[in-house]
Each structure stands twice: as C-alpha cells, then as structure tokens.
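Read off the chains here:
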Amino acid sequence: MGFARTCSVALVGVEGVVVEVQADLEPGVAAFTLVGLPDKSLTESRDRVRAAVVNSGGEWPQKKLTVGLSPASVPKGGSGFDLAVACAVLGAAERIDPRVLADIVMIGELGLDGRVRPVRGVLPAVLAAADAGYEQVVVPECTAAEASLVPGVSVLGVRSLRQLIAVLTDEPVPEEEPTEAGRPDPMLAGLCVPGTGVGTGLSGASDDAHALDLADVVGQVSARTAVEVAAAGAHHLFLQGPPGAGKTMLAERLPAILPRLSREESLEVTAVHSVAGMLPPGRPLVDVAPYCAPHHSATMQSLVGGGKGVARPGAVSLAHRGVLFLDEAPEFSSQTLDSLRQPLESGHVVIARSAGVVRLPAKFLMVLAANPCPCGRHTLLGDGCECPASVVRRYQARLSGPLLDRVDLKVEVEPVTRSELAGYGTRGDSTQTVADRVRTARERAAARLVGTGWRTNSEVPGHALRTRWPADPGALDAAELDLERGFLTARGLDRVLRVAWTVADLAGRDRPGVQDVALALQLRTGVSRGVPMAIGSRA
C-alpha cells in the first residue's frame, strides 16, 4: 500500500482554506475515486491528471486509487487542485519521495500534455498558505510574480509537470519550448474571465502620463470642488444635472486624483481582482485606485456579488479602495440600489448561500449621477420640460431617502455656458495640482487619526468627532438648527461634520470653523450658505 499527501488551497470568496490532498494506493481493480466535496470542474481533474502524468513520461499506477481532499466539509471547486493531485498520486506510487511533498502547497491546472496552466486567485491562495505557516509554494510560471508579493514564502514557478517532478527528485530540469514570437501565450487564458474588459466598465486608474485631466472639465466650479472634497475625505458624491453637463467626465477623472494605494491596500485590491480574473497581464500588483462603472441594467447579484455555489465578487468589491460610478442612477432597480446600504456603512458585503457564508471587502467611494427628470430638461431655461410633475417626483423618488442620507455631497451640475465652452473663462486646476492638495489633506487627516484605526474623515464616528476633535465654538450652530427643523437627520449631522473636517484639511486649518461647516452644509443640502464654492478662494 502506498500513501502520500501534499497541500493546496480552496478559495471561499477572497479568503483561502488550506486543503490537504491525500492519495492512497491499494491492490485491486484499477479505479480512480475523488472524495472531499468536489464540484464538477474538480471531478473532471481525474482525466486531466491521468493524461498529464502519462504525457509527462510517468507511469500511471494500475491499482485502486483514492484521492481525498481534507477537510471534507469545505466546498472545493476549480481546476487549481490538479497539480497537488498529480504529485500526491506520484508520491503514493513512489515516483516522488512522499516526505518532500508534505510541507509544500501546490496551485495550478494541468493540461493534457503536462503543461501547468494558471488559475485565478493565486494571491489570496498564497496569503492563506502563509497564514497557515507554510513556507514553500509551487505555482504556474506566469503567476509567480503575483505569488511573490507575499513575504516570507518561497515561490517556485513551473511551466510543466515534468519540470516539477525533476525539481522534487533532484533530476536535471528539462527545458520547455517557449511560445513562438508574435503569437499570444495560451497559458495566460486562465487568468482572465471573458467579458471583463474595458467595455464592461471594469478597469483600473490609468498611469499618470495617460490619466484623464481634470482641467478638461469646462466650468463646474461647484462640482469640481465637490469632487476634490470627495477624494480628500473618501466621501460619497451625488451629481445631478441635465445631460451633457459633465457628470460622467467628473466621475471618470476622480480616480486619478486619489492617492496611490498603500502596500496593504494594494494586496487587498489585487486579491479581489485575482479571484475575479481581472488582473491585467504583466501587472501582478494593483497599486492605483480601481474604477468600476456597471451599466444601469446590472442585477443585484452582479452589483453586490453572488452567483451559483460560492459567491463571486460583485461590482462593489471590484471597486474596493476605489470608485464605484453609477451613471443614470434612477434607472437602476430600487432593490439593486437599496442593496448598497449595508456595504456603504460597514465597508464589506456578507453573502449567505447554501454553500456557505462569504464576506467580501467593499470599501469604496460611490458616485451617483442622475438627470433631474426622464427627459433631462427639468432644470433648463428656455427648453421646456414635457414631464408632468408627478412623473418628475416619481423619477427622483427612485433614489430612496435612506440611500441618499448615506451620501455626503449632493451637487447640482449646471449646464456649460457658451463663454465657458469657448475658453473665455479661467481654466481649472489640473489633475496633478488637485491630486497634490488631496494627498496633503489626507496626510493631515492621517496624522490626526494615527493610532485610531481610521484613515480618512469619512470613517470617523460622529461621537468621536464631537468629543475628541471638536470644531470651533459655535461652528455647528447652523447645522444643529437644520437638525431641529428636520432638514438633517442625526446621521446627516455627523456626515456634515466629517465633510467640514475634510474642508478644513484642504484649507490647512487645525479644526473646522463656521465657514467650513457652512460649505459642508452647502455641499450636502444644495442650499446656498453665502460662502464661495472654490476652497482656494476663501479667506
């Protein structure tokens, strides 16, 4: 009787569970049994592994073979177990020393010719292996750079099963034929999911040299200020205005003014994008804020996550640490929009399925864009709106009060005038200039919040702001009066105070004053408070 074991990783959402792959050979009729709650794609690994071993020059054992995946209670899916199953079988057949395999984690799919193909989710799988105490990991060669992002783990990238067998048995490592120049590498096909290109609205922020410039937006002083405040404090933003006013342009330029992700944030974002199959080739680490703009026909499952079996990340998780832009927000279904309430408050999504409960990260900056009415001409002068008042009210009511109460900034985007479009006015600040101010404001907030676990003003609870970092005396009088009149909720008052702190950070003040709170109220309610919208022009 022969027995061998090695390890692989099962992904549950964006978290990994180390799975022990055991192979047992017994005398009897030749058969291959796979147990341990595998799904359809994992069950098919029996044929892939057998062909890969034979085509790699190995001998398939003609005995009763049982492969077990432990713990058996954890659902297992995908083709990433192929490499571990093949090595466990070869260890049980004494082609490889079983003692060498025991402390190695193997991740990869096998082709019928023995090539090791990449799979999605390598980074979270290696993170799970490192957390479990494993120090050696074997992955496909083209995902070795992604796996190497995890510190303290020795990563071996292999191109074929033949190479891995040679390494484990101290034999000369054979050379594999490289891909012909000018032809696409078929090995990269496993890293991407069809339909996740730029056309779906799923993409990362561009490099600085090719980023969309905020100076291209004509006019819109109020909206530009709101975008800057939103970036500096990670506040949610609602842009309302007629078609063609520049709402989409502003949202597309928001990721470029956000600070680059820290190392910890980059690993979080990369793990989500790796599981979703959205990592761009040649860029194993996502270090810029992602940008996700789903179409208004998106379902609730595509927005918050879901799918058959174990839940997959949705748009809110793909926008983690970045921007989620919902254009034509009233056209989304009410149920879909209201599903955003919980992640907006908690920063994560909890999805319960029969296969298990999955917790996905979802700390994003939400930007809503909407027309004032179905025809879009409700607020335009000289171009009458043909929508009845009841239709306008019903259209605007599609965005529920509880959802809008979680939005810090609400701005009316005015139509661009002829003189502004002709370039007679002053051109706004460039993306680089605004990004520098945003970075300085974030640094001021981070220095103030050091040791608290909070990073941006939008994360600080209102009680902490009122007790630990109070505003100037009398600064909140106007906001408290609005609370008494019913114009603000208690949550709304806390959000006004958070925005006021962000305005003070942008202006270089030690704490918010009357003008900072007035501008925060103006940005939240849309009612003029007698202060200029441009932060740099205030006294």
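Residues numbered from 1 in each chain as written. Predicted model: local features only at pLDDT ≥ 70, side-chain atom pairs only at ≥ 80, totals over all residues. Heavy atoms only, no water.

Moving on: the overall build of the chain. Helix and strand counts for the chain come out as 22 helices and 17 strands. Along the first, second and third principal axes, the C-alpha set of the chain runs to 85 × 50 × 45 Å. Counting across all 539 residues of the chain, residues that qualify as buried make up 49%. Within the chain, counting contacts between residues at least 6 apart in sequence, those at least 24 apart form 72% of the total. (Helix = DSSP H or I, 4+ residues; strand = E, 2+ residues; numbered from the N terminus. Buried < 20%, exposed > 50% of the residue type's maximum accessible area, 1.4 Å probe, protein only. Contact = heavy atoms within 4.5 Å.)

Let us now look at the packing of helix α2 (residues 45–55) against helix α3 (residues 82–92). It is at 10 Å that the axes of α2 and α3 come closest, and there the two elements cross at 60°. Compared by their axis directions, α2 and α3 come out oblique. Crossing of α2 over α3 shows right-handed handedness. Taking contact as the criterion, the partners of Ser45, Arg48, Val49 and Val53 in α2 are, on α3, Asp82, Val85, Ala86 and Leu90. Looking at the contact of α2 with α3 residue by residue, the class counts come to five nonpolar, one polar and two charged. (Axes fitted to C-alpha atoms, helices over the stretch in contact; angles between N-to-C directions. Parallel < 35°, antiparallel > 145°, perpendicular 65-115°, else oblique. Left-handed = near helix turned anticlockwise from the far one by under 90°. Nonpolar A, V, L, I, M, F, W, Y, C, P; charged D, E, K, R; others polar.)

In this model, the chain carries an average pLDDT of 87, and 91% of its residues clear a pLDDT of 70 or more. Put simply, strand β10 (residues 202–204) is where the chain has its lowest mean pLDDT, 49, and strand β5 (residues 104–106) is where it has its highest, 97. Contacts for the low-pLDDT stretch residues 195–202, under 50 throughout, to residues beyond four places or in other chains number 14 contacts. Considering only residues more than four positions removed or in separate chains, one finds that residues 204–210, a stretch of pLDDT under 50, has 10 contacts. (pLDDT = per-residue confidence, 0-100.)

This paragraph deals with the environment of alanine 298. Counting through the fold element by element, alanine 298 comes out in the loop between β12 (290–292) and α11 (300–304). By relative accessible area, which is 16% here, alanine 298 ends up buried. Remark: the alpha-carbon pair of alanine 298 and glycine 508, spanning 210 residues in sequence, is separated by 41 Å.

As a further point, take unusual backbone geometry. Note that the residue after serine 70, namely proline 71, is joined by a cis bond; omega there is 5°. Relative to the elements of secondary structure, proline 71 occurs in the loop between β4 (64–70) and α3. Even without a glycine there, the phi angle at leucine 37 is positive, about 65°. Tracing the backbone through its elements, the reader meets leucine 37 in the loop between β3 (31–35) and α1 (40–43). Located in the positive-phi region is alanine 234, a residue other than glycine, with phi close to 60°. Mapped onto the fold, alanine 234 is located in the loop between α8 (221–233) and β11 (237–240).

To continue, consider helix α10 (residues 263–276). Here α10 is 14 residues long and its end C-alpha atoms lie 20 Å apart, about the 20 Å a rise of 1.5 Å per residue gives. Along α10, the positions that sit buried rather than exposed are Glu265, Ser266, Leu267, Val269, Thr270, Ala271, Val272, His273, Ser274, Val275 and Ala276. Those residues of α10 that are buried are in contact with β1 (2–12), α5 (122–131), α6 (144–147), β12, α12 (315–318) and β15 (356–361). (Expected span 1.5 Å × (residues − 1).)

Here we come to the packing of aromatic side chains. On inspection of all chains with the given rule, the structure shows three aromatic pairs. Considering the side-chain rings of phenylalanine 32 and tryptophan 60, the 5.6 Å spacing of their centres and the 45° angle between planes classify their relative orientation as tilted. Linking phenylalanine 32 in strand β3 with tryptophan 60 in the loop between α2 and β4, this pair joins segments that are 28 residues apart in sequence. Residue class for tryptophan 60 comes out buried when judged on its relative accessible area of 11%. Centre to centre, the rings of tryptophan 454 and tryptophan 469 are 6.5 Å apart; their planes meet at 75°, and the pair counts as edge-to-face. Linking tryptophan 454 in the loop between α18 (431–448) and α19 (462–467) with tryptophan 469 in the loop between α19 and α20 (477–485), this pair joins segments that are 15 residues apart in sequence. By relative accessible area, which is 25% here, tryptophan 454 ends up partly exposed. On the basis of relative accessible area, tryptophan 469 is assigned to the buried category, the value being 13%. (Phe/Tyr/Trp six-rings, centres within 6.5 Å; stacked < 30°, edge-to-face > 60°.)

This part is about the environment of valine 531. Along the chain, valine 531 turns up in the segment after α22 (514–525). Along the chain, valine 531 and alanine 518 lie 13 residues apart, while their C-alpha atoms are 7.0 Å from each other. Excluding its chain neighbours within four sequence positions, the residues that come into contact with valine 531 are Gln515, Ala518, Leu519 and Gln522.

Once that is clear, we can look at empty space enclosed by the protein. In the structure shown here, the tally under the stated rule is one cavity of 30 Å³ or more. Lining the largest cavity are Arg466, Leu476, Leu493, Asp494 and Leu497. Considering each element in turn, the lining of the largest cavity owes the most residues, three residues, to helix α21 (residues 490–507). Residues of the lining of the largest cavity, tallied by class, amount to three nonpolar, no polar and two charged. (1 Å grid on protein atoms, 1.4 Å probe; cavity = no way out; pocket = protein on both sides within 12 Å on 5 of 7 lines; lining within 4 Å. Points joined across faces, edges and corners; volume = space filled by probe spheres on them.)

This part takes up the layout of surface pockets. The space that makes up the largest pocket amounts to roughly 890 Å³. Together, 34 residues line the largest pocket, and Ala234, Lys363, Thr456, Ser458 and Glu459 are the ones closest to its centre. Going through the elements one at a time, α14 (341–346), α18 and α21 are the ones with two or more residues in the lining of the largest pocket. Across the lining of the largest pocket, the residue classes tally to 12 nonpolar, eight polar and 14 charged.

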